[in-house]
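Secondary and tertiary structure notes
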Amino acid sequence: MSDRIVDGVRKHTPSILLFFDESPFSLLWLWLSTEKRKQIKSEKIGIILYIAMASPGGQGGGAVSTRGAGARRMKWALELSLGNARGRGDRQSNQGDVMYPIGYSDKPVPDTSIQETDKNLVEKRCWDVALGPLKQIPMNLFIMYMSGNTISIFPIMMVCMMAWRPIQALMSMSATFKLLENSNQQWLQGLVYSVGNLLGSALAIYKCQSMGLLPTHSSDWLAFIEPPQRMEIMGGGMVL
Amino acid sequence: MYPPSLVVTFTKKSSVKMAKLTSLFVISLSFFCISEAVFEDQVGKFDWRQQYVGKTLFAHFESNTQSSKKMFVATDKNIFASFNSRTGDLLWRHVDKTGPEGSIDILLLHGQDALMVVGDGRLLRSWDTNIGGLNWEAVLDTGSFQAACFVAIQDTVKLVAVLKKAALSLHYLSNGHQKWVENLPDSDAVQYQAVYSGGEEEVYVLGVVPNSHLTIIAYSLEDGEIIKQVTTLALCVVVGQGVLMCVDPATLALYTLPIQAEETPEFSQILLQVSPGFQPVLVSSQPHPARSPLSEFFLQLGPDHHVLLQLNADGYTIAPLRDFQPAFLVSFATTGKKTVAAVMTPKNETLNYSAVSNPRWLSPLSFPLQACAINLFSVDSGRRLLDTTVLFPLELNGGKPHALYVHAFLKKDDSVGYRVLVQTQDHALTFIQQPGRVVWTREEALADVVTMEMVDLPLTGTQAELEGEFGKKADGLFPMVLKRLSSQVTLLQAWLAHLWKLFYEARKPRGQVKNEVTIETLSRDEFNLQKMMVMVTASGKLFGIDSKSGSILWKHYLENVQPNAAFKLIVQRTTAHFPHPPQCTLLIKDKDTGLATLHVFNPIFGRKSHIALPALPRPILQSLLLPVIDQDYAKVLLLVDDQYKVTAFPSTKNVLQQLQEMASSIFFYLIRSDQGNLSGFRLRKDLSTERIWEVVLPTEVQKIVAVKGKRPNEHVHSQGRVMGDRSVLYKYLNPNLLAVVTESTDTHPERAFVGVFLVDGVTGRIIHEAVQRKARGPVHFVHSENWVVYEYWNTKSRRNEFSVLELFEGTELYNSTVFSSLDRPHLPQVLQQTYIFPSPITTMEATLTEKGITSRHLLVGLPSGAILSLPKMFLDPRRPEVVTEHSREENLIPYAPEMPIRTEWFINYNQTVARVKGIYTAPSGLESTCLVVAYGLDIYQTRVYPSKQFDVLKDDYDYVLISSVLFALFFATMISKRLAQVKLLNRAWR
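Residues numbered from 1 in each chain as written. Chains lettered and ligands numbered in written order. Predicted model: local features only at pLDDT ≥ 70, side-chain atom pairs only at ≥ 80, totals over all residues. Heavy atoms only, no water.

**Quick word on the interface of chain A and chain B**
At the interface, 33 residues of chain A touch 57 residues of chain B. Roughly 3,900 Å² of surface becomes buried between chain A and chain B when both sides are summed, with 60% attributable to carbon and sulfur atoms. At the surface where chain A touches chain B, the tally comes to one salt bridge. For Asp220 of chain A, the salt bridge identified is with Arg726 of chain B, shortest N-O distance 3.0 Å. Linking chain A to chain B there are 20 residue pairs in polar contact (both at pLDDT 80 or more). Secondary-structure elements contributing two or more residues to the side of chain A that touches chain B are helix 4 (34–37), strand 1 (229–230) and strand 2 (233–238) of chain A. (Contact = heavy atoms within 4.5 Å. Buried area = accessible area lost by both parts, 1.4 Å probe. Salt bridge = Lys/Arg side-chain N within 4 Å of Asp/Glu carboxyl O. Polar contact = N/O pair within 3.5 Å; in protein donor to acceptor, adjacent residues only side chain to side chain. Helix = DSSP H or I, 4+ residues; strand = E, 2+ residues; numbered from the N terminus.)

In structure tokens:
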């Protein structure tokens, strides 16, 4: 699991890293050197894991990462040994000090036997994806409460994030549907997913409203009122 | 600067409006940028001040040596000043009270002491001429001043004699104590005119009984006893050994009479030939108070005819020495033992410009010149002294020479050298040195500016050429390409020249770069911060001044302007309509006859435009500038005569047609202060008018002091004010609103009042009426946007108070697209608040910007000469007494009755403007910046930024740091990119 998430973080969240880590320089360093990227120490993974969990984008990011890998990626495994993790990573760079035996195939052999438990697992997993946005809502409410109604850089960023996430998720609905296509209740799950996202964006709009960012009052349109045209021409003064 | 609690409330605002964000940004800038004053290194960067003294009445030079540099003048503005005669700079200046209370009756100079009689014989003052300090001041007895002279005892000047209407008094020169005072006999009948002392033990007083006889009274110096009294016959001077020389305009004869004669002397009469209608004038000279006057004197027989005469030793016969015709002015000058006569004569030759040694300020375009020559003549013989001719150019349109002050001195070879100060009718002073070098010129007419306008400068020649290219019709493809290429080349040339100039100027010290503005190089800068100030002065002289440097670029003297004439300056066409030149019109109304004349000129070059002027046979009451333009883009000026008929200028067919079409929507109002009458008129199609309303304010109770409409070039960006609950309170922006201020005729402190009437100028409807009881003028007020601010003296509490009136339409607009005074059924809501101001004020004006987004400030001229920039935010009738959530939201400052004066708000730091009479504000091309000119005795020009410079980088912006950081980052990315590539490649090989 850690590997997948690390992958996800790697692919999608440089911005999140910048915002959430206390030392952006360490992450910049992390980002710049591909060498070091592969040798992430377990505590770093832990930090990133934490970030990914805390950040509302973790779920969506995961969904997107799976999209690229296709069905193969559905089969994931938890590998705790560092050496193996590195071996997997080496696939891309074609660099390895481990000599593979002859006939070794890097591609996993598909498991053709379908079992009942697997089906349940898929179903569970799909529900997880579908309920993700809804699960975010209490968290968002908490953040909303904490950030207050002041206009300053952090609350604005929070609101932007809150508004942008659901919109982004709604725009990539097709990818999510692809993810859910193995499920029986695909349509229901899709509906729940989109309702969750809509609720999230409604929450963001409510937040904007309470911060006074929505042009709902007459004063917001004051700047656009043209000065009235004068009908009469008048002049004169004291008799010179 | 602001209460700290307010700053906190601002940062803790609970909600902010989206649409308000931009304006909020502006406000917050003004809120947080605490310092308003200029920094030390900004002094003089975009502001300048010029100091003037007014029309010279008396002028004296310090001493008769070649090296002396000081000269002293006393002027009609009650100013005693000292100039450096080498540069014309002011050394020091004493500004006395305005009006007759401070008027200078006479200025006498002896050694280090300058004696002055002030306020029609009220005070006698002695000044130290070295430092300009007051030695002593003595209060004189009442009685109007007639004459004064120094009195010497045994060759040393110790006393000064002051002759009043009914008394003669002697004062010690050292401490001002009175030696004696004597009443003059028969002071009701006899007009005492002159006092004379020739160094003997007697003081002579001369009195005239018109058409009857002369009285000469001799007083003893010691105790003021009348030694003798002689009564004889008619304008007199003392010549030679106590011989009275009189000229009688009635009989046109010259009379001589010895003063010291024992018995009643006989007049000897000499008949004169005088040009008709001219009163002959005698000019004599007494080089030293302890000695007798010269026996030579000048007699003026015509406007430019003078005769030098000599009284023979016998005291009765007169010998003519020399006849000067034509001669503008004559003057005596003494140095050591020698006395010379300086005579100014016109020369008919035209001047070669290369001969003029100082041609920088003389542009051949604007000043037609006439040569004048000054020669010195020996007084004894009347012969012309060799090598004393001064030939200098005199502006033809500057008026005739008015006075000549000669500073003669002995050169090393014992010959007489001299410098002259020429005063012309336009109050200008010119200091000329041999051989005809104009050392300096002071335009003292600028001490009395009546009205002014600021006009945009024209585009540069190349810019104008480009404009012209697009304006012309196409004449084939190839020529057009050629034309385009050529204009691009000229643009490139201009740019290169500009770069070269920048480079060249950067090497020069800062002081030298200035003073290089000429009328030819004048062009608009990119932010339109430099403008042409067109100033109209009371003497009838017009000036064009560059607003950036303060240098006078053109001047034009209008002759035959009455001293009490009323002026109205109108900009008919701005510089925006190339190739039509800009056009200004000055309406001059003669108060006595009521007849008006128009002077149409180009405000950039000052040249008179040759446009057919309308005939104005009837007295003109008012003028009205319409936004209607003719085919030449000149706005139409309507002139209303005393029969309420209207004359249009220009009055082409096109204009008349336009006027007929829109006649029903043209209204004008006239206010007759003497009748307490306000009336409104509507234009008819045949250019006659009909009276549609009239308001009468009874003159027995109150009189109309002033009326102000809104400035036509004022823009209001925001149509309302945002309330704390995010609703809008719309402003009542009536463009036809007039603020009429009245003062009560009863000046008793308990019954005096000040009234402010807000009247609609189209319908005559009184929108609001505010009467301030127990208040007295003078009322200064500003009317702008939807508010009127006025200042008055509270007679009960004895303090100055500011009051502000603001008009609002309410939370809904009646008609948001058009404003018609004829269709406004609802009266506006009026809010008012009053504050205590700790100082009296002399004038008030509001800042003005291009789009009206920037917050407004009031510019208040104080009697101390400071100009205060007072934020309008402090004068807001919505300032709450109890602070609420909503008022905090609106950034309203809690009400405090006292208005603060903070020294940082003085926009002119220590450059005080003496006797501020008016403040003129003009918008610049930058929204944040407003150009300000304060005029009075001095002229001060600066820029103000009411909301700080939100659209300009600061002066101390660190360009070097920012650009070096940018470059460093850029190169760092380039290098790291390259390194990363190398590293990737290496790893791929591994």
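**Observations regarding the environment of Trp164 of chain A**
Residues and elements named next belong to chain A. Counting through the fold element by element, Trp164 comes out in helix 9 (residues 153–171). Residue class for Trp164 comes out partly exposed when judged on its relative accessible area of 45%. Along the sequence, Trp164 and Ala204 sit 40 residues apart, while their C-alpha atoms lie 8.9 Å from each other. (Buried < 20%, exposed > 50% of the residue type's maximum accessible area, 1.4 Å probe, protein only.)

**Notes on the packing of helix 9 of chain A against helix 11 (residues 186–211) of chain A**
Residue and element names in this part refer to chain A. At a closest axis distance of 9 Å, the pairing of helix 9 and helix 11 adopts a crossing angle of 155 degrees. Of the possible angle classes, the one that applies to helix 9 and helix 11 is roughly antiparallel. When you trace helix 9 past helix 11, the crossing you get is left-handed. Taking contact as the criterion, the partners of Pro155, Ile156, Val159, Met162, Ala163, Pro166, Ala169 and Leu170 in helix 9 are, on helix 11, Tyr193, Ser194, Asn197, Leu198, Gly200, Ser201, Leu203, Ala204, Lys207, Cys208 and Met211. Its residues placed into classes, the contact of helix 9 with helix 11 shows 14 nonpolar, four polar and one charged. (Axes fitted to C-alpha atoms, helices over the stretch in contact; angles between N-to-C directions. Parallel < 35°, antiparallel > 145°, perpendicular 65-115°, else oblique. Left-handed = near helix turned anticlockwise from the far one by under 90°. Nonpolar A, V, L, I, M, F, W, Y, C, P; charged D, E, K, R; others polar.)

**With respect to the pairing of strand 53 (residues 775–784) of chain B**
The buried fraction of strand 53 of chain B amounts to eight of the ten residues, a majority that puts the element mostly inside the structure. Hairpin connection, strand 53 of chain B to strand 54 (residues 787–794) of chain B: the antiparallel pair is bridged by two residues, and Glu785 of chain B has positive phi, about 40 degrees. (Pairing = 2+ DSSP bridges.)

**A closer look at the UniProt feature "transmembrane region" (unreviewed entry) in chain A**
Residue and element names in this part refer to chain A. When the UniProt feature table is mapped onto this chain numbering, "transmembrane region" (unreviewed entry) sits at residues 142–167 and 187–206. With 81% helix and 0% strand, residues 142–167 has its two end C-alpha atoms placed 20 Å apart. As a span, residues 187–206 carries 100% helix and 0% strand, and end to end its C-alpha atoms are 28 Å apart. (UniProt positions renumbered as here; feature names shortened; annotations may be inferred.)

**Describing the side chain of Ser924 of chain B**
Residues and elements named next belong to chain B. Positionally, Ser924 belongs in the loop between strand 61 (918–923) and strand 62 (930–935). Separated by 3.2 Å, the side chain of Ser924 and the backbone nitrogen of Leu926 make a polar contact. Engagement of the side chain of Ser924 in a polar contact is seen with the backbone oxygen of Thr929, the distance being 3.1 Å. The contacts of Ser924, once residues within four sequence positions are left out, are Phe527, Asn528, Leu529, Glu850, Thr929 and Leu931.

**Here we look at the sheet that holds strand 62 of chain B**
All names here are of chain B. The strand order across the open sheet formed by four strands is 1-63-62-61, and the pairing between neighbours is antiparallel. Every other strand in the sheet has two partners, leaving strand 1 (48–50) and strand 61 as the edge strands with one partner each. Here the strands of the sheet are splayed against their neighbours by 20 degrees on average, with no regard to which way each runs. Relative to strand 62, strand 61 runs antiparallel, the two sharing six bridges.

**Examining the pattern of salt bridges**
Where charged atoms from two side chains of opposite charge come close, those side chains can pair. Residue and element names in this part refer to chain B. Tallied over the entire structure, the rule returns 30 salt bridges over all chains. Its salt-bridge partner being Asp456, residue Lys531 comes within 3.0 Å of it at the nearest N-O pair. Of this pair, Lys531 sits in strand 35 (residues 531–537) while Asp456 sits in strand 34 (residues 449–456); the two residues are 75 residues apart in sequence, bridging distant segments of the chain. With relative accessibility at 6%, the residue Lys531 sits in the buried group. The partner of Glu885 in a salt bridge is Arg888, with the nearest N and O atoms 3.7 Å apart. Here Glu885 pairs with Arg888, and both are found in helix 7 (residues 885–889), just three residues apart, close to one helical turn. Judged by its relative accessible area of 49%, Glu885 falls in the partly exposed class. One connected set of salt bridges, linked through shared partners, spans Arg721, Glu806, Lys872, Asp876, Arg878 and Glu890.

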